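Chain residues, written in single-letter form:
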Amino acid sequence: MTIALIESLTFGLARLRDAAAEAGHRLCLLTRDRSWYAWELDRLAPHDLTVVDVDTTDVRACAEALDRLDDLAALVNSTDTWMLTGAELADRFGLPTLGLDTARTLRDKVEVRTRLHRAGLSRAGAIRVPPTARALTDAVAAVGYPVIVKDSAGTSSRGVWLIRDDTERDRAVREVPDATLLGRHLVAEPYFPGPVYSAETVTWQGRTTLLGVAVHVHTPEPVRREEAVAFPVALPAAELDHLRSWIGAVLATVGFRAGVAHTEFARTPDGPEVVEVNGRIAGAVIGEMMCRSLETNVYTAVVDTALGRRPRLLDTPVTPRRGFGMTFLHPPAPGRLAGWRGTERLTLFPGHPEFFPTARVGDPIVHLADQRGCTALVLAEGPTAELGLYHSLAAAGTVGHDLRPLDTPTTGATA
């Protein structure tokens, strides 16, 4: 039988392929652009999974493609952008799903914050803001400084403005009317200062198990672009116990009852505050870091819940054995990517660094303030997450970018 994906994260196809095979099924990826997954597809044999080219923004076209599959058993939804599409199609085909209501909630940051505030899990609510200069000005005045304004359905740190004073408010007012938004409106909510972490969890029948915590390192304010991630972070026992109960309450409040989730939160002086709840496994190579650290394929939980059965991972003791760090590589200026310099030196560094490209030679790199400007990741390990992070940062520092002017086509890579 077949397990289908409506798009996927950039990395993790091989792990999903293994999890599907272990469950006795074959994996099929529906995508509008298979080049998004070129790095991993190049490393998979043709018989490892089926790729169907289809416009995944067209629900009807996706339904027709799914109709043509043999013995469709499950639909995996591992992305935020296609979460509603996946939930709608799973419901249409009578497959296990997180539910359309839950999907709609998770894709609406105002609704998430409002529910958490009403449940006593956040100190403040949020305001729904039309993307106009006047509405934004009024919302900032209502919330007060510092305030975060963001796309209600945004991803990858896109469409986010941290506003701490009148100058930053005026800049946002100028930029918002021309911004490309995934949602229909903006969200204005208080900015909760503190380092950002994420809780990686598995939920079944409303009961949540915490697999571990990652820390996310960002650039200085106000850009707050993600620069590095480490997993699993060591927290004091009492704080970890509180976090386990807190994250269970958070996911229950937003209606998330089954599946793998990645919930980012700020560790403030007054306790954790949700940044966003993602009803999917973590992106970039965090899923791979989890697999290696816990010495098990955590993607089996993704497949099991898609099949509507209790994740086997919940019945397996998971203990971190190693720590891992991941560093994002961003070029210093816009340009057309011609390759990277220094990747051959990665083997000189401790922690067995590995290079994972997220962009292709010839790609225009324009957006440097968010994750769209990331061209590659450097993953490294260590006895602890802290050492894994240091190893990753050191190794990433040896890699540079080869860029050409944006109006110049590029045909080859440099290493």
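Residues numbered from 1 in each chain as written. Predicted model: local features only at pLDDT ≥ 70, side-chain atom pairs only at ≥ 80, totals over all residues. Heavy atoms only, no water.

A.B. asks: Talk me through unusual backbone geometry; I want residue IDs and the actual numbers.
C.D. replies: Backbone torsion omega between Y145 and P146 reads -10 degrees, so that peptide bond is classified as cis. Within the element layout of this structure, P146 appears in the loop between α7 (133-143) and β6 (147-151). Note that the residue after F231, namely P232, is joined by a cis bond; omega there is -5 degrees. In this model, Q205 sits at a positive phi of 50 degrees, which is unusual for a non-glycine residue. On the secondary structure map, Q205 appears in the loop between β9 (196-204) and β10 (207-218). Unlike most non-glycine residues, H352 shows phi in positive territory, near 50 degrees. Inspection of the secondary structure assignment puts H352 in the loop between β15 (335-341) and β16 (354-357). (Helix = DSSP H or I, 4+ residues; strand = E, 2+ residues; numbered from the N terminus.)

A.B. asks: Would you mind going over the packing of aromatic side chains in detail, with residue names and values included?
C.D. replies: Scanning the entire structure with this criterion turns up eight aromatic pairs. Centre to centre, the rings of W36 and W82 are 6.1 Å apart; their planes meet at 55 degrees, and the pair counts as tilted. Here W36, found in the loop between β2 (26-31) and α2 (38-41), pairs with W82, found in the loop between β4 (72-76) and α4 (83-92); they are 46 residues apart in sequence, far enough to count as distant. W82 sits in the buried class, given a relative accessible area of 12%. Judged by centre distance (5.5 Å) and plane angle (65 degrees), the ring pair of W246 and F265 falls under edge-to-face. With W246 in helix α9 (residues 237-253) and F265 in strand β12 (residues 259-268), this residue pair connects regions lying 19 residues apart in the sequence. The same class applies to W246 as to F265, namely buried. (Phe/Tyr/Trp six-rings, centres within 6.5 Å; stacked < 30°, edge-to-face > 60°. Buried < 20%, exposed > 50% of the residue type's maximum accessible area, 1.4 Å probe, protein only.)

A.B. asks: Talk me through the pairing of strand β11 (residues 226-231); I want residue IDs and the actual numbers.
C.D. replies: Judged by how many residues are buried, β11 sits mostly within the fold: five of six residues are covered. Relative to β11, β10 runs antiparallel, the two sharing four bridges. Pairing of H216 across the sheet is with V229, part of β11. As paired strands, β11 and strand β14 (residues 323-329) are joined by four bridges and run antiparallel to one another. Bridge assignment links A228 to a residue of β14, and that residue is T327. (Pairing = 2+ DSSP bridges.)

A.B. asks: Outline the packing of helix α1 (residues 13-22) against helix α11 (residues 299-306), supporting the account with residue identities and numerical values.
C.D. replies: Across the interface, α1 lies against α11 with an axial gap of 8 Å and an inter-helix angle of 55 degrees. What the angle tells us is that α1 and α11 run oblique. As α1 runs across α11, the sense of the crossing is right-handed. Between α1 and α11, the residues in contact are R15, L16, A19, A20 and E22 and Y299, T300, V302 and V303, respectively. Among the residues making up the contact of α1 with α11, the classes are represented as six nonpolar, one polar and two charged. (Axes fitted to C-alpha atoms, helices over the stretch in contact; angles between N-to-C directions. Parallel < 35°, antiparallel > 145°, perpendicular 65-115°, else oblique. Left-handed = near helix turned anticlockwise from the far one by under 90°. Contact = heavy atoms within 4.5 Å. Nonpolar A, V, L, I, M, F, W, Y, C, P; charged D, E, K, R; others polar.)

A.B. asks: Break down the state of the cysteines for me, with residues and values.
C.D. replies: Going through the model one piece at a time under the given rule, you end up with zero disulfides. C62 supplies the cysteine sulfur nearest to C28, a cysteine that is in no disulfide, at a spacing of 11 Å. Among the residues examined, C28 registers a relative accessible area of 1% and is labelled buried. The closest cysteine sulfur to the non-disulfide-bonded C291 is located on C374, 20 Å from its own sulfur. (Disulfide = S-S within 2.5 Å.)

A.B. asks: Before we move on, can you summarise the layout of surface pockets with the specific residues and values?
C.D. replies: A volume near 400 Å³ is recorded for the second largest pocket. Along its surface, the second largest pocket is lined by 25 residues, and L98, A258, G259, T305 and A306 are the ones closest to its centre. Secondary structure elements with two or more residues in the lining of the second largest pocket: β4, α4, β12 and α11. For the lining of the second largest pocket, the per-class residue count stands at 13 nonpolar, ten polar and two charged. (1 Å grid on protein atoms, 1.4 Å probe; cavity = no way out; pocket = protein on both sides within 12 Å on 5 of 7 lines; lining within 4 Å. Points joined across faces, edges and corners; volume = space filled by probe spheres on them.)

A.B. asks: Pulling in residues and values, what's your account of the packing of helix α3 (residues 59-67) against α4?
C.D. replies: Closest axis-to-axis distance for the α3/α4 pair is 11 Å, and the angle between their directions is 45 degrees. When the axes of α3 and α4 are compared, the pair comes out oblique. Relative to α4, α3 is oriented so that their crossing is right-handed. Counted together, V59, C62, A63 and L66 of α3 and T85, E88, L89 and R92 of α4 form the full contact between these two elements. A per-class count over the contact of α3 with α4 returns five nonpolar, one polar and two charged.

A.B. asks: Give me the lowdown on empty space enclosed by the protein, citing residues and values where you can.
C.D. replies: To find leftover empty space, a probe the size of one water molecule is rolled over the atoms. According to the stated counting rule, one finds three cavities of 30 Å³ or more in the structure shown. A volume near 70 Å³ is recorded for the largest cavity. Taken together, L106, K109, V112, R113, K150, E189, V274, V275, E276 and V277 make up the full set of residues lining the largest cavity. Of all the secondary-structure elements, those providing two or more residues to the lining of the largest cavity are α6 (109-118) and β13 (271-278). In terms of residue count, β13 provides more of the lining of the largest cavity than any other element does, four residues in total. The class makeup of the residues in the lining of the largest cavity is five nonpolar, no polar and five charged.

A.B. asks: Can you explain α9? Please cite residues and give values.
C.D. replies: Here α9 spans 25 Å end to end across 17 residues, near enough to the 24 Å set by a 1.5 Å rise per residue. Taken together, the buried positions of α9 are occupied by L243, W246, I247, G248, V250 and L251. Buried residues belonging to α9 abut α6, β9, β10, β12 and β13. Positive backbone phi, at 85 degrees, marks G255, one or two positions downstream of α9. (Expected span 1.5 Å × (residues − 1).)

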